[in-house]
Amino acid sequence: MNKDIVSLINNYQEFILTSHVNPDGDSIGSEIALYLFLSNLGKRTKIINYSPTPSNYTFLDKDNVIEQFVEEKHKDSIANADVIFILDTNEYSRLRTLAPYIQSSNAKKVLIDHHLGFDANGFDYSFSDTNSPATGEMLFRFFKNFDGSNSDTQPIGNIISKPMAEALYAAIMTDTGSFRFERTGAETHNIAAELISAGAEPDKIYSEIYNKATIGKLHLLGKFLNRITLEHDNKLAYSIVLQKDFQETSTDEYAIEGFSSHLMSLDSVKLGIVITQTLRGVKLSFRSNGEVMCNNLAKEFEGGGHQNASGAFVPGADVNELTVKVVERSKFYLKQS
Ligand code: 5GP
Ligand code: MN
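The numbering scheme is per chain: residues are counted from 1 as the chain's sequence reads. Chain letters and ligand numbers both follow the written order, the letters beginning at A and the numbers at 1. At least 70 in pLDDT is required for a residue's local features to be given in this predicted model, at least 80 for side-chain atom pairs to be given and counted, and no such filter applies to totals for whole chains, interfaces and linings, which use all residues. With hydrogens and water set aside, each side-chain value is computed from the structure's full complement of heavy atoms.

Side note on the overall build of the chain
Of regular secondary structure, the chain possesses 13 helices and twelve strands. Using C-alpha atoms as the atom set, the radius of gyration is obtained and then compared with a globule rule of 2.2 Å times the number of residues to the power 0.38. A compact globule built from 337 residues would reach a C-alpha radius of gyration of about 20 Å, and the chain, at 20 Å, matches this within 12%. Taken along its principal axes, the extent of the C-alpha atoms in the chain is 55 × 45 × 40 Å. When accessible area is computed with a 1.4 Å probe and restricted to protein chains, residues below 20% of their type maximum are described as buried, those above 50% as exposed, and intermediate ones as partly exposed. Across the 337 residues that make up the chain, the buried fraction comes to 50%. The method behind every accessible area is Shrake-Rupley, applied with a 1.4 Å probe, and residues are considered shielded solely by the protein chains displayed. Accessible surface, the chain: about 15400 Å² in total, of which carbon and sulfur atoms supply 47%. The secondary structure listing takes helices from DSSP runs of H or I that are at least 4 residues long and strands from runs of E that are at least 2 residues long, numbered from the N terminus.

Now the structure itself:
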């Protein structure tokens, strides 16, 4: 990753960074860290996302640099950029309406991502590391090795500023489920330690991201927990969130973040599914343990993701019909494990 990106950075001036629809901590953290890094090198850099930044991640964007995509406003800068970084997704479709503008731009398109199902087509440079628990961790390694000198002997604070460290820590913390998920090994903990040395404050970052619930969100969680259903010898747990639930609790689709962990906390459960009725269709969010390949289950519904965390969006679907279908298909993946 180092050599190619270093020469792109040295040779070009205009950079655009983007990430997937409904960005998470890894998208926003990675974007902000790379933005600060490039700006610090004097590069003209923009972050343009399809979705607005969820409110619990705005603390990472201290200077309010993230822009939400507006066709008229951004199409020229996308067309004329030198380099476009696509972070934390390997599918153009997850950039929604930004995708055609990026695909038709003359800019070099650079992918940095850690999801399964990567296809190099459509990218000029691609860096995919499915062993990495977060895109932010891939960027950390890149920043640390950037100048080519022996970075082991340099204090990390000289390479990664405090706001960069915070952004990378947030990226890694969120994508590892606060350092719990399977790919979280010694190296990730060592990186976290280096980020703390560079100024990241774990308690503050955790609190900014996860202790921001509203009473409406807890009421929504109450409805969700009440509807949990077990199937397939109690190996599958699923629950549904309906449009009317959002209205009754004055919440929106962002409020379901973290709900899946309640399904997975059940002792017998190997696969958990959060089924959310949205205005445009139904969102499926899958979590699994061990060998249950929930990315393949998501693929059956035109989605994707990781082996143990995946998702799909089915436009215009009927929530009850889709639920029956997903529960039925789940059986196959539970049997395979
Ligand atoms: P979540 O359940 O948190 O929304 O998503 C978990 C993971 O599933 C994400 O990190 C992403 O990899 C993947 N994912 C979620 N929604 C979609 C989708 O609509 N399409 C694809 N391809 N992947 C998704
Ligand atoms: Mn990620």
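Anyway, onward from the coordinates.
Quick word on the nonpolar core
A general feature of soluble globular proteins is that nonpolar side chains tend to end up buried together. The biggest cluster of nonpolar side chains holds 50 residues, and the ones touching the most others in it are Leu 34, Phe 37, Phe 85, Ile 112, Phe 143, Ile 160 and Leu 195. Ranked by residues supplied to this core, first place goes to helix H6 (residues 162-175) with eight residues. Apart from the residues lying within four places of it in its own chain, the contact partners of Leu 34 are Leu 17, Phe 85, Leu 87, Leu 139 and Phe 143. Residues belong to a common nonpolar core when they are buried Ala, Val, Leu, Ile, Met, Phe, Trp, Tyr or Cys residues joined through side-chain atoms within 4.5 Å. Ranked by size, the runner-up nonpolar core spans 23 residues in total, among them Ile 273, Leu 297, Val 319 and Val 326. Note on contacts: a residue pair is in contact if any heavy atoms of the two residues lie within 4.5 Å.

A look at the sheet that holds strand E1 (residues 14-19)
Two strands pair if DSSP finds at least two bridges between them. Pairing is parallel across the open sheet formed by six strands, whose spatial order is E3-E2-E1-E4-E5-E6. Bordering the open sheet on either side are strand E3 (66-68) and strand E6 (125-128), each of which pairs with just one other strand. Along the sheet, successive strands turn relative to each other by an average axial angle of 20 degrees, direction set aside. Note on geometry: axes are lines fitted to C-alpha atoms, helical ones only across the stretch in contact, with angles between N-to-C directions running from 0 to 180 degrees. Where helix H2 (residues 25-40) meets the sheet, its contacts fall on E1, strand E2 (44-49), E3 and strand E4 (83-87), and the angle it forms with E2 comes to roughly 165 degrees.

A closer look at the coordination of the manganese ion (ligand 2)
Protein-derived coordination of the manganese ion (ligand 2) comes from Asp 26 (OD), Asp 88 (OD), His 114 (NE2) and Asp 175 (OD), at a distance range of 2.1 to 2.3 Å. Listed donors are limited to N, O and S atoms within 2.8 Å of the metal, widened to 3.2 Å for Na, K and Ca; water is not among them, so incomplete-looking sites are possible. Counting gaps between the donor residues of the manganese ion (ligand 2) yields the pattern D-x61-D-x25-H-x60-D. In this pair, His 114 sits in the loop between strand E5 (108-113) and E6 while Asp 175 sits in helix H6, placing the two residues 61 residues apart along the sequence. Since its relative accessible area comes to 19%, Asp 175 is described here as buried.

Re the pairing of E5
Most of E5 sits inside the fold, with five of its six residues counted as buried. Relative to E5, E4 runs parallel, the two being bridged by five bridges. Bridge assignment links Leu 87 to a residue of E5, and that residue is Ile 112. Handedness of a crossover is defined as follows: orient the strands so they point away from the viewer, and if the path from the first strand over the helix to the second runs clockwise, the crossover is right-handed. In the classification by handedness, the crossover that spans E4, the intervening helix H4 (residues 99-104) and the parallel E5 is right-handed. Note: E5 against E6, four bridges, orientation parallel. Looking at E6, one finds that Ile 112 is bridged to Phe 127.

Focus: the site of ligand 1
A molecule or strand has a residue near it when one of that residue's heavy atoms lies within 4 Å. Around ligand 1 lies a shell of 15 residues, among which Glu 91, His 115, Lys 283, Ser 285 and Arg 287 are the nearest. At 3.4 Å from a nitrogen atom of ligand 1 is found a side-chain nitrogen or oxygen belonging to Arg 94. Here Lys 283 contributes a side-chain N or O atom positioned 3.0 Å from an oxygen atom of ligand 1. When ligand 1 is considered free in solution it has 490 Å² of accessible area, and contact with the protein chains removes 82% of it. Elements with a contribution of two residues or more to the shell around ligand 1: strand E10 (281-288), strand E11 (304-305) and strand E12 (309-315). When residues in the shell around ligand 1 are grouped by element, the largest group, five residues, is from E12. For the domain bounds, the source is a domain assignment made automatically or taken from a database. Two domains each provide a minimum of three residues to the shell around ligand 1, namely domain 1 (3-210) and domain 2 (215-336). In the analysis that follows, any N or O atom pair within 3.5 Å is treated as a polar contact, provided that within protein one partner can donate a hydrogen and the other can accept it, and provided that, for residues neighboring in sequence, both atoms belong to side chains.

Considering the domain arrangement of the chain
One can read the domain layout of the chain as domain 1 (3-210) and domain 2 (215-336). The C-alpha-based centres of domain 1 and domain 2 are spaced at 27 Å. Each partner contributes to the interface: domain 1 provides 14 residues, whereas domain 2 provides ten residues. Buried area is a sum: the accessible area each of two parts loses on coming together, probed at 1.4 Å, counted once for each and added. For the pair domain 1 and domain 2, the two sides together bury roughly 970 Å², of which 45% comes from carbon and sulfur. Viewed at the interface, domain 2 and domain 1 are joined by four residue pairs in polar contact (both at pLDDT 80 or more). Gly counts as polar in this scheme, as do all residues outside two lists: the nonpolar Ala, Val, Leu, Ile, Met, Phe, Trp, Tyr, Cys and Pro, and the charged Asp, Glu, Lys and Arg. Grouping the amino acids of the side of domain 1 that touches domain 2 by side-chain chemistry returns six nonpolar, five polar and three charged.

A short note on the packing of H2 against helix H5 (residues 135-145)
Interaxial distance between H2 and H5 falls to 8 Å at its minimum, and their mutual angle equals 20 degrees. By the angle between their directions, the pair H2 and H5 is classed as roughly parallel. The hand of the H2/H5 crossing is left-handed. Residues Asp 26, Ser 30, Ala 33, Leu 34 and Phe 37 of H2 form the contact with H5, whose own contacting residues are Thr 135, Gly 136, Leu 139, Phe 142 and Phe 143. Here the residues of the contact of H2 with H5 are counted per class, giving six nonpolar, three polar and one charged. If an angle is under 35 degrees, it is roughly parallel; if it is over 145, roughly antiparallel; if it lies from 65 to 115, roughly perpendicular; otherwise it is oblique. Working rule for handedness: look at the near helix, and if it is turned counterclockwise from the far one by less than a right angle, call the crossing left-handed; if clockwise, right-handed.

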